[in-house]
Amino acid sequence: MRKILIRFDDICPTMNFEEFDKAIDLMDELDIKPLIGVIPKCEDDILKIDAPKRDFWEYVRNLEKKGYTIAMHGYKHVYDSNKHGMANASNRSEFAGHSFAVQYMKVKKGKEILETKGIHTSIFFAPSHSYDKTTLKVLSKCGFKYISDGMSRVPIERYGIVCIPCRTGGIPVMKRDGDYTAVFHAHEWGMDSKNSSYEEFEQFCRTNKMEICTFDIFCKQKVSKKIWDKIDERIYVIFQCRIRPILSKIKHKIV
Ligand SMILES: [Zn+2]
């Protein structure tokens, strides 16, 4: 049996609403309820596409009423650390590498902003999948329960946070069985520099609609207590993020 979660990142007042609203129309038609990552106080210039939406928070609350699940996606979505996280490759992060005090301030303020807008969530995922052990400890202290992130094969618990794996930043390669998170960024559709499009999203949803479920169902996966699954994640991260890029460079030189 296979279960698929649809995840949309980078929901903020200045995102590309034309593209995201197209996705909403399709998901309405197919009765798909995604997990959406809302940035509490977006200051990322790349995401300043539309003029700030005046009724943005009402828009988000209406999506929640429709059955969408809301996650907190970072704080300002600004990379101010050059450390890589525990489960990603890039050396840019809003969280990894920062002290407990700095990360606590960001998570606490982000959560407060959402709550003043009437949005209560226990789910988090960081920009660029970049978080470290301190992030997880901070999230636990701030009352979060889940992150939609990590490279493990199955959900594992770290520092009181259930890490529901998200092994790719886009459409996953899927076997017949298993649980998969498919990640989409509507503002990237149609960008020459990005290899993604609305058509690809539509095809994925239509092909797999019977297996797409809500976060409430998706998070019911058994959480592994086995130490091996944590070690297995470390090995996978080292291979994907450290060894594979080196092998790929060598291959390019030879060819
Ligand atoms: Zn993001």
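Presented here is a report on the structure given in the accompanying data block. Note that the coordinates shown come from a computational prediction; the quantities given were computed from them, not determined experimentally.

**Focus: the pattern of salt bridges**
Right, on to step 1. On inspection of all chains with the given rule, the structure shows 18 salt bridges.
Right, on to step 2. A salt bridge links Lys 48 to Asp 45; the nearest nitrogen and oxygen atoms lie 3.3 Å apart.
Right, on to step 3. Lys 48 gets classed as partly exposed once you look at its relative accessible area, which sits at 47%.
Right, on to step 4. Residue Asp 45 is classed as exposed on the basis of its relative accessible area, which comes to 57%.
Right, on to step 5. Note that Glu 115 is salt-bridged to Lys 111, the shortest N-O span being 3.2 Å.

**Re the packing of helix H1 (residues 17-30) against helix H2 (residues 56-66)**
Right, on to step 1. Two elements in contact, H1 and H2, have axes whose closest approach is 13 Å; the angle formed by their N-to-C orientations is 15 degrees. The angle between H1 and H2 places the two elements in the roughly parallel class. The crossing of H1 and H2 is left-handed. Between H1 and H2, the residues in contact are Phe 17, Phe 20, Asp 21, Ile 24 and Asp 28 and Phe 56, Tyr 59, Leu 63 and Lys 66, respectively.
Right, on to step 2. Within the contact of H1 with H2, the residues separate by chemical class into six nonpolar, no polar and three charged.

**A word on the side chain of Asn 16**
Right, on to step 1. Examined against the element boundaries, Asn 16 turns out to sit in the loop between strand E1 (2-11) and H1.
Right, on to step 2. Exposure remark for Asn 16: the relative accessible area of 17% places this residue in the buried category.
Right, on to step 3. A distance of 3.1 Å separates a polar atom in the side chain of Asn 16 from the backbone nitrogen of Glu 19.
Right, on to step 4. Excluding residues that lie within four positions of it along the chain, Asn 16 makes contacts with Ile 49, Asp 50 and His 187.

**Remarks on the coordination of the zinc ion**
Right, on to step 1. Protein coordination at the zinc ion: the donors are Asp 10 (OD), His 73 (NE2) and His 77 (NE2), at 2.0 to 2.1 Å from the metal.
Right, on to step 2. In the primary sequence, the donor residues of the zinc ion line up as D-x62-H-x3-H. Linking Asp 10 in strand E1 with His 73 in strand E3 (residues 69-73), this pair joins segments that are 63 residues apart in sequence.
Right, on to step 3. Exposure remark for Asp 10: the relative accessible area of 7% places this residue in the buried category.
Right, on to step 4. For His 73, a relative accessible area of 1% puts it in the buried group.

**Looking at the nonpolar core**
Considering soluble globular proteins, one finds that nonpolar side chains tend to be buried as a cluster.
Right, on to step 1. By size, the foremost hydrophobic cluster in this structure holds 58 residues, and its most contacted members are Ile 6, Phe 8, Phe 20, Ile 36, Val 38 and Phe 201.
Right, on to step 2. Residue contributions to this core peak at seven residues, all from H1.
Right, on to step 3. Discounting residues that sit within four places of it in the chain, Phe 8 has contacts with Phe 20, Ala 23, Met 27, Pro 34, Leu 35, Ile 36, Gly 37, Phe 125, Phe 184, Ala 186, Trp 189 and Phe 201.
Right, on to step 4. Counting twelve residues, the second largest nonpolar core, distinct from the first, contains Ala 71, Ile 123, Tyr 146 and Phe 218.

**Brief notes about the packing of aromatic side chains**
By convention here, two paired aromatic rings are described through the distance between centres and the angle between planes.
Right, on to step 1. Applying the stated criterion across every chain, the model contains 15 aromatic pairs.
Right, on to step 2. Ring plane angle 80 degrees and centroid distance 6.0 Å describe the contact between Phe 8 and Trp 189, whose orientation is recorded as edge-to-face. Of this pair, Phe 8 sits in strand E1 while Trp 189 is found in the loop between strand E8 (178-184) and helix H5 (198-208), placing the two residues 181 residues apart along the sequence.
Right, on to step 3. Overall, Phe 8 belongs to the buried group, its relative accessible area being 0%.
Right, on to step 4. Taken together, a centroid distance of 4.9 Å and an interplanar angle of 75 degrees make the contact between Phe 56 and Trp 57 edge-to-face. By the burial criterion, Phe 56 is buried, and Trp 57 matches it.
Right, on to step 5. Over the ring of Tyr 198 we find Lys 22, and its NZ or CZ is 4.9 Å from the ring centre.
Right, on to step 6. Sitting above the plane of the Tyr 104 ring, Lys 141 keeps its charged end 4.9 Å from the centroid.

The rules behind the values
- Residues numbered from 1 in each chain as written.
- Predicted model: local features only at pLDDT ≥ 70, side-chain atom pairs only at ≥ 80, totals over all residues.
- Heavy atoms only, no water.
- Salt bridge = Lys/Arg side-chain N within 4 Å of Asp/Glu carboxyl O.
- Buried < 20%, exposed > 50% of the residue type's maximum accessible area, 1.4 Å probe, protein only.
- Axes fitted to C-alpha atoms, helices over the stretch in contact; angles between N-to-C directions.
- Helix = DSSP H or I, 4+ residues; strand = E, 2+ residues; numbered from the N terminus.
- Parallel < 35°, antiparallel > 145°, perpendicular 65-115°, else oblique.
- Left-handed = near helix turned anticlockwise from the far one by under 90°.
- Contact = heavy atoms within 4.5 Å.
- Nonpolar A, V, L, I, M, F, W, Y, C, P; charged D, E, K, R; others polar.
- Polar contact = N/O pair within 3.5 Å; in protein donor to acceptor, adjacent residues only side chain to side chain.
- Donors = N, O, S within 2.8 Å, 3.2 Å for Na, K, Ca; no water.
- Core = buried A, V, L, I, M, F, W, Y, C linked by side-chain atoms within 4.5 Å.
- Phe/Tyr/Trp six-rings, centres within 6.5 Å; stacked < 30°, edge-to-face > 60°.
- Lys NZ or Arg CZ within 6 Å of the ring centre and 35° of its normal.

Purely spatial values, then, with no claim about function.
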